[in-house]
Amino acid sequence: MALRDELLKSIWHAFTSLDVDKSGKVSKSQLKVLSHNLCTVMKIPHDPVALEEHFKDDDEGPVSNQGYMPYLNRFILDKVTGNFDLQDFNKMCWTLSFRKNLDQSLLLISNDDAFKIWCIFNFLSEDTYPLTVVTEEGYMMKKGHKRKNWTERWFMLKPNSISYYVGEDLAEKKGDILLDRNCDVEPLPDKDGKKCLFLIKSSQKTFEISVSDKKKKHEWILAIQTCVSLLRQCRPAPHREARQRRRDLRLKLRAEQEELQLRMKELQLANEAKQLELENMRKALEEAATNAAEEEQRRLQTQTELQDRYQTDLEREQMVRKEMEKQVAQKSTELEQYLQRVREMEGMYRQLEDALEDEKRARQEEEAVRKLQARLLEEEATKRVELEEFHLRQQRAISQTEAEKRELEKERVAKESALQAAMTQLEQLEQERQGALEQYQTVMKKLEDATNNTKTWKHKVAEHEGMLRLIQPGSKGQQMITNWGPAAFSDAELTLRQKKWQEGKNQTAEAQ
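Basis of the calculations
- Residues numbered from 1 in each chain as written.
- Predicted model: local features only at pLDDT ≥ 70, side-chain atom pairs only at ≥ 80, totals over all residues.
- Heavy atoms only, no water.
- Buried < 20%, exposed > 50% of the residue type's maximum accessible area, 1.4 Å probe, protein only.
- Helix = DSSP H or I, 4+ residues; strand = E, 2+ residues; numbered from the N terminus.
- Pairing = 2+ DSSP bridges.
- Salt bridge = Lys/Arg side-chain N within 4 Å of Asp/Glu carboxyl O.
- Phe/Tyr/Trp six-rings, centres within 6.5 Å; stacked < 30°, edge-to-face > 60°.
- Lys NZ or Arg CZ within 6 Å of the ring centre and 35° of its normal.
- Axes fitted to C-alpha atoms, helices over the stretch in contact; angles between N-to-C directions.
- Expected span 1.5 Å × (residues − 1).
- Bend = angle between axes of the 7 residues up to and from the residue.
- Polar contact = N/O pair within 3.5 Å; in protein donor to acceptor, adjacent residues only side chain to side chain.
- Contact = heavy atoms within 4.5 Å.
- Parallel < 35°, antiparallel > 145°, perpendicular 65-115°, else oblique.
- Nonpolar A, V, L, I, M, F, W, Y, C, P; charged D, E, K, R; others polar.

### Some details on the pairing of strand β5 (residues 161-165)
At step 1: Counting buried residues in β5 gives five out of five residues, a clear majority hidden from the surface.
At step 2: Residue alternation in β5 divides its side chains into two sets, S161, S163 and Y165 and I162 and Y164, and both sets are buried.
At step 3: The hairpin formed by strand β4 (residues 150-158) and β5 contains two residues between the paired strands.
At step 4: Across five bridges, β5 lies against strand β6 (residues 173-178) in antiparallel orientation. The residue bridging Y165 from the neighbouring strand is K173, located in β6.

Below, the structure written as structure tokens:
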């Protein structure tokens, strides 16, 4: 019985694929071909005349599913022995049905895979597949109970009743024939000029029905007998049973879905709490990173400002040095011009006045040079103090944290290199100062020569015109000579300042 049910599922697909106009009926010629193929695949002897003998009417119209079932059960399924290949049988039914029910352009898998899915679908489908669903409708003649006249009505067969209407639009319902397990249906001989008669016996009334041909008569009798048989077995209509199973399955799935949603909600709440915790941790990390970045930015900005200030001071010192070199060169030129004028004096008094004027001018320039040298030395001392402060701040910043010390080690080395370069430049400036001192001594020698010449002229004037007192420079102590002239402090003071600077540097190194 289980094999027959499985075979009926595939045969139903093959039968419906032959129903091109979707009327629920198939022509006899197509059913002959289908029956022959079924007998060939299932290795059953085929009788080509059996189908015509089963339907002995003269009507060549199509046959419905219910009309084909008796022939199928008697001549094919009752003879099945099971010695055939079930896959070949399914393949034959699939070949007939897939062209009508499957769009090849929308198929995303191969035909073999589609065939396998179709076989799985048939295996998992309901036992009472649509082959047992009884649906029949059409116009028939009904004999009245009172007037005994025949009236054409539109009949519609349902699982437990037959409803009849005035027309197929179902606008006006005339009555129902209730079906139960005690109902019966039997054919009647032709009488009163009516053919194809059959009788429906219900628990309340008896109805005489006339149809247009024997085929419809046979189909209606078979359909009504099938409904009565289902009612006698206390089985509900297949579609209702399937509907109840689907309803139970939906309720079960709904309960499982609600339970799953509840679990998902709990997991979602736990996930949201975890996400909130992670978000708080991420915000804390971002805030810490932002603070560290701001601190690093402020430190780099301060360092950049110090470097820019140091570079500006160096450029200013270079400009001042160039200006002093120009002034020294200019003073040398003026001195040469002065000596040339002294040699070219035409008269004694005029030469004496020029010499005194030149001496006075030289003293004024010397005083200006000394002031300029004092100012430059003060700037140099200020720069040294700033460099010492910068070095102390750098050492203090290095001692704050060891991590920053590793990061700033390269920058400190660069600063030390810059400091060494600055010391080198100071040494070069010292050398230049020595050169300027030599030049200054040369100029002083020339001034002394000029003074001696002035004294010579003074004696000559005293011999001729009497005593004349000339203004002469006073004696001064020995001073340091820099590139810009005499220094603002002595060698002892310079040695003392260098000693203090070295002691401060040593203390900073020990503190690290």
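### Digging into the pattern of salt bridges
Note on pairing: side chains with opposite charge can pair once their charged atoms come close.
At step 1: A complete count under the given rule lists 28 salt bridges for this structure.
At step 2: Measuring nitrogen to oxygen at the nearest pair gives 1.9 Å for the salt bridge that ties D313 to K383. Within this pair, whereas D313 is found in helix α8 (residues 238-343), its partner K383 is found in helix α9 (residues 348-400), the two being separated by 70 residues in sequence. In terms of burial, D313 and K383 fall into one category: buried.
At step 3: For E365, the salt bridge is made with K331, and the minimal N-O distance between the two is 2.7 Å. Taken together, the positions of E365 in helix α9 and K331 in helix α8 put the pair 34 residues apart, joining distant regions of the chain.
At step 4: Given the relative accessible area of 22%, E365 is considered partly exposed.
At step 5: Through salt bridges that share partners, D313, R316, K383 and E386 make up one connected network.

### A word on the packing of aromatic side chains
At step 1: Scanning all chains against the criterion turns up eight aromatic pairs.
At step 2: Between F84 and F89, the aromatic rings sit 6.3 Å apart at their centres with planes inclined by 65°, giving edge-to-face as the arrangement. Pair check on accessibility: F84 and F89 agree, each one buried.
At step 3: A network of ring pairs unites the aromatic residues W94, F98, F115 and W118 as a single cluster.
At step 4: The aromatic ring of F115 is capped on one face by K91, whose charged end is 4.5 Å from the ring centroid.

### Topic: the sheet that holds strand β3 (residues 136-143)
At step 1: Here seven strands make up an open sheet; going across it, the order is β6-β5-β4-β3-β9-β8-β7 and the pairing antiparallel. Both outer strands of the open sheet, β6 and β7 (184-188), are each paired with one neighbouring strand and no more. Across the sheet, the mean angle separating the axes of adjacent strands is 35° when strand polarity is ignored.
At step 2: In this sheet, strand β9 (residues 206-210) lies alongside β3 in antiparallel orientation, the contact comprising two bridges.

### Focus on helix α5 (residues 86-101)
At step 1: Along its 16 residues, α5 runs 22 Å from first to last C-alpha, staying within 8% of the 22 Å computed at 1.5 Å per residue.
At step 2: Along α5, the sharpest kink reaches roughly 30°, centred on T95.
At step 3: Along α5, the residues that are buried comprise F89, N90, M92, C93, W94, S97 and F98.
At step 4: Its side-chain oxygen at 3.1 Å from the backbone nitrogen of Q87, D85 defines the N-terminal cap of α5.

### A word on the side chain of S202
At step 1: The residue S202 is located in the loop between β8 (197-201) and β9 in this model.
At step 2: With a relative accessible area of 17%, S202 lands in the buried category.
At step 3: Aside from chain neighbours lying at most four places away, what touches S202 is L178, C183 and F207.

### Description of the packing of α5 against helix α6 (residues 111-124)
At step 1: Running from N to C, α5 and α6 cross one another at 110°; their axes reach a closest spacing of 11 Å. In terms of their interaxial angle, α5 and α6 are classed as roughly perpendicular. Contacts between α5 and α6 involve Q87, N90, K91, C93, W94 and S97 from the former and N111, D112, A114, F115, W118 and C119 from the latter.
At step 2: Considered class by class, the residues forming the contact of α5 with α6 number six nonpolar, four polar and two charged.

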